[in-house]
Amino acid sequence: MKFIQYFLLFSLFTSQAFAGSQTGKVTSILVRQSDGLHYFYMSGVGENKPDCASSQGYWMIKDENSTVGKTQFSMLLTAYVSGKTISVTGTNFCTRWGDGEDLNSIALK
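Criteria and cut-off values
Residues numbered from 1 in each chain as written. Predicted model: local features only at pLDDT ≥ 70, side-chain atom pairs only at ≥ 80, totals over all residues. Heavy atoms only, no water. Helix = DSSP H or I, 4+ residues; strand = E, 2+ residues; numbered from the N terminus. Buried < 20%, exposed > 50% of the residue type's maximum accessible area, 1.4 Å probe, protein only. Contact = heavy atoms within 4.5 Å. pLDDT = per-residue confidence, 0-100. Pairing = 2+ DSSP bridges. Axes fitted to C-alpha atoms, helices over the stretch in contact; angles between N-to-C directions. Polar contact = N/O pair within 3.5 Å; in protein donor to acceptor, adjacent residues only side chain to side chain. Phe/Tyr/Trp six-rings, centres within 6.5 Å; stacked < 30°, edge-to-face > 60°. Lys NZ or Arg CZ within 6 Å of the ring centre and 35° of its normal. Disulfide = S-S within 2.5 Å.

Attention shifts here to the side chain of Gln 72. By secondary structure assignment, the location of Gln 72 is in helix α2 (residues 67-82). Among the residues examined, Gln 72 registers a relative accessible area of 8% and is labelled buried. With residues up to four places along the chain from it excluded, the contact list for Gln 72 reads Ile 61, Leu 103, Asn 104, Ser 105 and Ile 106.

Shown next, in the form of structure tokens:
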């Protein structure tokens with residue numbers, strides 16, 4: 001039983017360890033009217049993006065209606081308007097849209 005618990009714990013940390021990341025400035029923010037999809041582009045190069053998002057340069061807010069999603073969108077707007085650099089990490093999954101990695105965290109620099 002302990003083996004299963006350690007395996008599950010290890011799985012959680014390794015999927016996050018291989019998630020994408022990027023540092024740069026927000027270059028554009030887009031919101032689709034049809035389904036409310038929020039996504040954005042950044043300067044700089046994304047690293048360690050999962051296969052599902054390796055050919056795209058954008059990031060997705062997973063749930064724009066949640067408190068976290070609204071906070072992330074607010075931070076993106078702040079960074080864009082002020083010209084500040086941000087660092088983002090992904091979740092290593094493309095659940096919101098098939099070829100864009102879901103955003104996990106944003107750090108305003």
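Now for the confidence of the model for the protein. Looking at the protein, the pLDDT average stands at 88 and 84% of residues meet or exceed 70. Element-level mean pLDDT values for the protein span from 47 in helix α1 (residues 2-17) up to 98 in strand β4 (residues 85-90). Every residue in residues 3-15 scores below 50 in pLDDT, and together they form three contacts with partners more than four places removed in sequence or on other chains.

What follows covers the environment of Ser 55. Looking at the secondary structure, you find Ser 55 in the loop between β2 (38-42) and β3 (58-60). On a C-alpha basis, the gap between Ser 55 and Gly 100 in space is 8.9 Å, while along the polypeptide they are 45 residues apart.

On to the sheet that holds strand β1 (residues 21-31), then. In space, the five strands of this closed barrel follow the order β1-β2-β3-β5-β4, with mixed pairing throughout. With direction set aside, neighbouring strand axes in the sheet form an average angle of 55 degrees. In this structure, β1 lies alongside β4, joined through five bridges in antiparallel fashion. Looking at the pairing, Ser 21 lines up with Thr 89 of β4.

One can find Glu 64 in the loop between β3 and α2. Looking at Glu 64, its side chain comes within polar contact range of the side chain of Arg 96, at 3.0 Å.

The subject of this paragraph is the packing of aromatic side chains. Tallying each qualifying case throughout the model produces three aromatic pairs. Here the basic side chain of Arg 32 rests over the ring of Trp 97, its NZ or CZ set 4.4 Å away from the ring centre. It is Lys 49 that lies over the ring of Trp 59; its NZ or CZ is 3.9 Å from the centre.

This part takes up the state of the cysteines. Under the criterion given, the structure shown has one disulfide. One disulfide in the model links Cys 52 with Cys 94; its S-S distance is 2.0 Å. Looking along the S-S bond of the Cys 52-Cys 94 disulfide, the torsion reads about 80 degrees, which is the right-handed sense. Separated by 42 residues along the polypeptide, Cys 52 in the loop between β2 and β3 and Cys 94 in the loop between β4 and β5 (101-108) bring together distant segments of the chain. Looking at Cys 52, the relative accessible area reads 30%, which means it is partly exposed.

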